[in-house]
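Each chain, written out:
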Amino acid sequence: MNNCLLCRDEIIHELTPQEIFTGMKIKQDFLCSRCEAEFHQIKAPHCPTCFRQQNKSKQCPDCKYWQALGYHNFKHQAIFSYNLAMHDYFKRYKRYGDYVLRLVFQPYLQQVLRQWQPPFIYVPTQTNHWQQRQFDPVKGIFGDLVKLTPALIKLPTSTPQAQKNRQQRLKTPQFFDFNQNYAAILQATQVTILDDIYTTGRTIFHARDCLRQQGYQGQIFSLSLAR
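The sections below set out a description of the structure shown in this document. (Residues numbered from 1 in each chain as written. Predicted model: local features only at pLDDT ≥ 70, side-chain atom pairs only at ≥ 80, totals over all residues. Heavy atoms only, no water.)

1. Observations regarding the overall build of the protein chain
So the rule is basically this: Numbering goes from the N terminus for both helices and strands, where a helix is a DSSP run of H or I of at least four residues and a strand is a run of E of at least two. Our radius of gyration is a C-alpha quantity, and the globule rule it is checked against amounts to 2.2 Å times the number of residues to the power 0.38. Exposure is judged per residue with a 1.4 Å probe applied to protein chains only, and the accessible area is read against the type maximum: over 50% gives exposed, under 20% gives buried, and values in between give partly exposed. Contacts are residue-level and defined by heavy atoms, with any inter-residue pair within 4.5 Å sufficient. Computed with a 1.4 Å probe, the accessible areas rest on the Shrake-Rupley method; for each residue, only the protein chains presented here act as cover. Charge counting follows a simple rule: Lys and Arg are positive, Asp and Glu are negative, and His as well as the terminal groups are ignored. Where a charge sits is defined by one atom per residue type, namely NZ (Lys), CZ (Arg), CG (Asp) or CD (Glu).
Summing up its helical and strand segments, the protein chain has 9 helices and 9 strands in all. Here the C-alpha radius of gyration of the protein chain, 18 Å, is about what a compact globule of 227 residues would show, namely 17 Å. With the C-alpha coordinates of the protein chain rotated into their principal frame, the extents come out at 50 × 40 × 35 Å. A total of 227 residues make up the protein chain; the buried ones form 48% of that total. Partitioning the contacts of the protein chain with sequence separation of at least 6, the portion at a separation of at least 24 is 71%. As displayed, the protein chain offers around 12500 Å² of accessible surface, 49% of which is attributable to carbon and sulfur atoms. Taking the average location of the 28 positive side-chain charges in the protein chain and that of its 16 negative ones, the two points are 10 Å from each other.

And the structure:
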């Protein structure tokens, strides 16, 4: 038995038939059933290109916006909707620096990451934010599950994306540089960009542009915890 990382209530794990009869390693739970129910996994119907939860399986306005700008053949997957519970989670994890919360969604991420192939390029935090928290939020969420490639460098910005409205986010100029120490990934046939939250897509498309500007010709996919 262990305790829920969010509310600290004791978790009693119910053994699955596979764990009982095959000797499979017992899955560790990080959320109690009450806290788990507050998060909403994205289910169909959703936008086919960015997984935005909606009433129809048609391309959402955000994806139409990016296509109008010339971006085609992009594919993003998200696992959870960004609801109030997710907002509170990121407030505790990122704003208050509760690093142990990086583990909360590992069982979900581990299952989804099996569908994607390396190299995995994560969206980094900028230096002053790392100094405040003493950890990188996206690296924390994914770093225990897959080998991460720090190919992107986050340049300083005057205002964090989280503090901007939709129009301000979309107008944000390029804030990534490429880490030339990892130029070898430019020869890969496919890369996966990892982020914590997909809001408008601005961050992911800046990351795509950064790779393309370095001459990368392969497929670029992306995955986030929340959308």
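2. A closer look at the packing of aromatic side chains
We apply this condition: In this scheme Phe, Tyr and Trp rings, the latter by its six-membered ring, pair at centre separations within 6.5 Å, and the angle between planes marks the pair as stacked below 30 degrees, edge-to-face above 60, and tilted otherwise. Geometrically, a lysine NZ or arginine CZ counts as sitting over a ring once it is within 6 Å of the ring centre and also within 35 degrees of the ring normal.
Evaluated as defined, the whole model comprises 18 aromatic pairs. An angle of 80° between the planes, with centres 5.0 Å apart, marks the rings of Phe80 and Tyr108 as edge-to-face. Here the residue Phe80 occupies a position in strand β3 (residues 75-80), and Tyr108 occupies one in helix α5 (residues 106-113), the gap between them amounting to 28 residues. Looking at Phe80, the relative accessible area reads 1%, which means it is buried. Taking the centre distance of 5.8 Å and the plane angle of 15° together, the rings of Tyr89 and Tyr93 count as stacked. Pair noted here: Tyr89 and Tyr93 are both in helix α4 (residues 84-95), with a separation of 4 residues, about one helical turn. Exposure remark for Tyr89: the relative accessible area of 2% places this residue in the buried category. Overall, Tyr93 belongs to the buried group, its relative accessible area being 0%. Within the aromatic cluster, the residues linked to one another by ring pairs are Phe39, Phe80, Tyr82, Tyr89, Phe90, Tyr93, Tyr99, Phe105, Tyr108 and Phe135. When the ring centre of Phe175 is taken as origin, the NZ or CZ atom of Lys154, which lies over that ring, is 4.9 Å away.

3. Let's talk about the side chain of Ser224
This is how it is decided: Polar contacts here mean pairs of N or O atoms no more than 3.5 Å apart (in protein, one a potential hydrogen donor and the other a potential acceptor; neighbouring residues in sequence count only if both atoms are side-chain atoms).
Among the structural elements, Ser224 can be located in strand β9 (residues 219-226). In this structure the side chain of Ser224 is engaged in a polar contact, spanning 2.8 Å, whose partner is the side chain of His76. Discounting chain neighbours no more than four positions away, the residues touching Ser224 are His76, Gln77, Ala78, Ile79, Asp195, Asp196, Ile197 and Tyr198.

4. Observations concerning the sheet that holds β9
Applicable threshold: The rule for pairing is simple: two strands pair if DSSP sees at least two bridges between them. Note on geometry: axes are C-alpha line fits, over the in-contact stretch for helices, and angles between N-to-C directions span 0 to 180 degrees.
Spatial ordering of the open sheet is given by β3-β9-β8-β4-β5, a layout of 5 strands whose pairing is parallel. Because the sheet does not close on itself, it has two edges, and the strands there are β3 and β5 (148-149). The sheet contact formed by strand β4 (residues 120-122) and strand β8 (residues 190-197) spans 3 bridges and is parallel. Looking at β8, one finds that Tyr122 is bridged to Leu194. Each of β3, β4, β8 and β9 touches α5; the most contacted strand, β3, lies at about 150° to it. Of the strands in this sheet, β4, β8 and β9 are in contact with helix α9 (residues 202-213), which crosses β8 at around 150°.

5. Here's the deal with the pattern of salt bridges
Let me state the cut-off plainly: Take a side-chain nitrogen of Lys or Arg and a carboxyl oxygen of Asp or Glu: if they are within 4 Å of each other, that pair is a salt bridge.
Summed over the entire model, instances satisfying the criterion amount to 7 salt bridges. Two residues, Asp98 and Arg92, come together in a salt bridge whose shortest N-O distance is 3.9 Å. Judged by relative accessible area, which is 30%, Arg92 ranks as partly exposed. The shortest N-O distance in the salt bridge between Asp144 and Arg102 comes to 3.4 Å. On the criterion of sequence distance, the pair formed by Asp144 in the loop between α7 (137-142) and β5 and Arg102 in the loop between α4 and α5 is long-range, its members being 42 residues apart. Exposure remark for Arg102: the relative accessible area of 17% places this residue in the buried category.

6. Some remarks on the state of the cysteines
As a reminder of what qualifies: Throughout, disulfides are identified as pairs of cysteine sulfur atoms within 2.5 Å of each other.
Taken as a whole, this structure holds 0 disulfides when the rule is applied. Cys60 supplies the cysteine sulfur nearest to Cys50, a cysteine that is in no disulfide, at a spacing of 3.5 Å.

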